[in-house]
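Residue strings, one per chain:
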Amino acid sequence: MSGHTLRNCLVIGAGTVGSCCAWHLAAAGFEVTLVDRTPPGQSTSFGNAACVSPSHVVPFSHPGVWKKVPGWLADPLGPLTIRWRHLPWVFPWLWRFWRAGTEAGVASSSRAQAALMHRVVEDFDHILEATNQSGLLRSRGAIQFYDRPGEFEAERWMFELEAELGFEWRTLSRGELAALAPALNPGDGEAVYLPSWQNTVNPGRMTAGIALAAFDAGARWHQDEVTAVAASNDGVLAQTASGRSLQADAVVLAGGAWSNRLAAQLDRAVPMTAKRGYHTMIAEPGIELDIPVISGSRNFVITPLEDGLRLAGTAEFARLDAAPDYRRSKVLVEHARRYLPGLQETGVSEWMGQRPMMTDSVPVISRSPRHDNVFYAFGHGHYGLTQGPTTGRIMVDLIRREQPDLDMTPYRIDRFS
């Protein structure tokens with residue numbers, strides 16, 4: 001199909017990234033079919049920390065982080081756990097993740113993320129205005145809190161690097177912190193204000209709203225699981241678990257942590273794994289909090305939503321099909337009590353989701369090197385919500401064979417040796 005106009009697009013995956021791709025393509029006049037095994041916004045995009053986080057551009061693997069890992073693993077309340085019987089499956093990814101954490105790797109990944117992140121606020125405002133959902137987004141910034149000043153000083157270099165890349169931050173006085181979050185007990189800690197951050201009050205409803213707007217613009221929906229996909233000069237053909245055959249001119253693979261199986265059928269698998277995250281929702285927390293609080297010491301986020309307070313975080317490495325371990329959700333409540341002494345636990349629910357983590361923390365947003373009608377939009381890690389609208393906008397350019405307004409080299413699927 002080289003040189004032919006691609007008009008009919010199949011988008012696999014209805015999380016925030018896939019739904020944004022579907023909306024942008026439908027708005028640009030493409031015929032779109034969106035397919036996922038769960039309804040739009042009801043998988044990983046349902047349960048994330050609900051934050052649009054432009055300034056977090058430093059990759060998760062960086063010099064010094066591995067010194068913390070033994071302590072995290074030994075601590076039952078720690079932010080990281082590995083299901084040891086799954087270690088043979090996750091070890092190759094962990095090895096490459098460790099090797100990516102050099103000073104050069106940090107600089108390269110941070111620049112790539114910053115290039116995307118500088119566009120996300122404008123792109124988010126645009127898509128929410130266009131889908132009549134601007135009221136779901138708050139722009140009050142966020143607080144990053146450290147239990148002890150020394151912990152902040154150890155990570156000051158990250159904030160300084162982010163400032164070099166164009167993202168503002170400043171430390172907060174006790175009075176400023178009390179004004180922003182009066183329910184927070186600061187103890188001896190240090191607080192940083194991140195003015196670029198936003199948060200949605202309902203990420204699942206917001207993502208579903210974007211998909212519904214795509215359907216209103218003519219996109220079609222199939223609730224089904226794509227099990228196989230092939231591409232040729234004649235187009236693409238996807239087979240589903242129910243036996244359906246879906247044909248299109250082009251395919252956008254936006255299946256999050258489940259993308260590698262299909263990517264391997266089309267081009268190649270990439271060094272991505274599922275980094276499982278948990279949340280606890282408290283419908284009636286008994287305290288007021290109007291701004292997200294990120295714990296830099298305990299690696300979790302407290303976000304006010306329209307239906308309560310969300311405690312989200314932790315990192316668990318296990319196979320995609322492993323059962324949830326909701327002790328990880330209960331850990332979040334223990335942490336939150338440290339910061340919010342008035343916290344009550346009325347109307348509690350728990351959840352687990354799969355973040356698609358690349359070893360270099362940079363997503364795959366790419367044309368296929370083999371097929372000119374295959375496109376990739378996955379591997380966004382913690383930032384699928386943040387980068388979804390920008391990814392969707394870029395996808396329109398790629399499918400139209402136009403040059404996006406940034407260098408796409410760092411996001412190529414074939415960037416790995």
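Small disclaimer: the values here were computed from a predicted structure and weren't measured.

Thresholds applied
- Residues numbered from 1 in each chain as written.
- Predicted model: local features only at pLDDT ≥ 70, side-chain atom pairs only at ≥ 80, totals over all residues.
- Heavy atoms only, no water.
- Helix = DSSP H or I, 4+ residues; strand = E, 2+ residues; numbered from the N terminus.
- Contact = heavy atoms within 4.5 Å.
- Expected span 1.5 Å × (residues − 1).
- Buried < 20%, exposed > 50% of the residue type's maximum accessible area, 1.4 Å probe, protein only.
- Salt bridge = Lys/Arg side-chain N within 4 Å of Asp/Glu carboxyl O.
- 1 Å grid on protein atoms, 1.4 Å probe; cavity = no way out; pocket = protein on both sides within 12 Å on 5 of 7 lines; lining within 4 Å.
- Points joined across faces, edges and corners; volume = space filled by probe spheres on them.
- Nonpolar A, V, L, I, M, F, W, Y, C, P; charged D, E, K, R; others polar.

Novice: Would you mind showing me how to read the environment of lysine 275 here?
Specialist: Topologically, lysine 275 is positioned in strand β15 (residues 272–284). Along the chain, lysine 275 and serine 139 lie 136 residues apart, while their C-alpha atoms are 28 Å from each other. Ignoring anything within four residues of it in the chain, the contact list for lysine 275 reads Phe60, Ala315, Glu316, Phe317, Gly353, Gln354, Arg355, Met357 and His382.

Novice: So what exactly am I meant to see when it comes to the environment of glycine 384 here?
Specialist: Mapped onto the fold, glycine 384 is located in helix α11 (residues 384–399). Excluding residues within four positions of it along the chain, glycine 384 makes contact with Thr16 and Val17.

Novice: How do you make sense of helix α8 (residues 203–216) when you look at a structure like this?
Specialist: Along an α-helix, a turn takes 3.6 residues, which lines up residues three or four apart on a common side. End to end, α8 covers 20 Å across 14 residues, agreeing with the expected 20 Å (1.5 Å per residue, within 8%). Among the residues of α8, Pro203, Gly204, Met206, Thr207, Ala208, Gly209, Ile210, Ala211, Ala213 and Ala214 are the ones counted as buried. Glycine 218 occupies a position one or two residues after α8 and carries a positive phi of about 115°.

Novice: Please explain the pattern of salt bridges as it appears in this structure.
Specialist: Note that side chains of opposite charge can pair when their charged atoms are close. According to the stated counting rule, one finds 20 salt bridges in the structure shown. One salt bridge in this structure joins lysine 330 and glutamate 350, with 2.9 Å as the shortest N-O distance. Of this pair, lysine 330 sits in helix α10 (residues 327–339) while glutamate 350 is found in strand β19 (residues 346–358), placing the two residues 20 residues apart along the sequence. One salt bridge in this structure joins aspartate 372 and arginine 401, with 3.8 Å as the shortest N-O distance. You can see aspartate 372 sitting in the loop between β20 (364–367) and β21 (374–378) and its partner arginine 401 sitting in the segment after α11, a full 29 residues away along the chain. Exposure remark for aspartate 372: the relative accessible area of 28% places this residue in the partly exposed category. Residue arginine 401 is classed as partly exposed on the basis of its relative accessible area of 36%. The network of salt bridges with shared partners includes Arg119, Asp123, Arg393 and Asp405.

Novice: Looking at this structure, I do not really get empty space enclosed by the protein. What am I missing?
Specialist: To find leftover empty space, a probe the size of one water molecule is rolled over the atoms. Per the stated rule, a full pass over the model turns up one cavity of 30 Å³ or more. Of the volumes computed, that of the largest cavity is approximately 30 Å³. If you trace the largest cavity, you find it lined by Phe60, Met357, Met358, Ser361, Val362, Gly379, His380, Gly381, His382 and Tyr383. Taken together, the residues of the lining of the largest cavity sort by class into five nonpolar, five polar and no charged.

So far we have only geometry, and geometry alone does not tell us how the molecule works.
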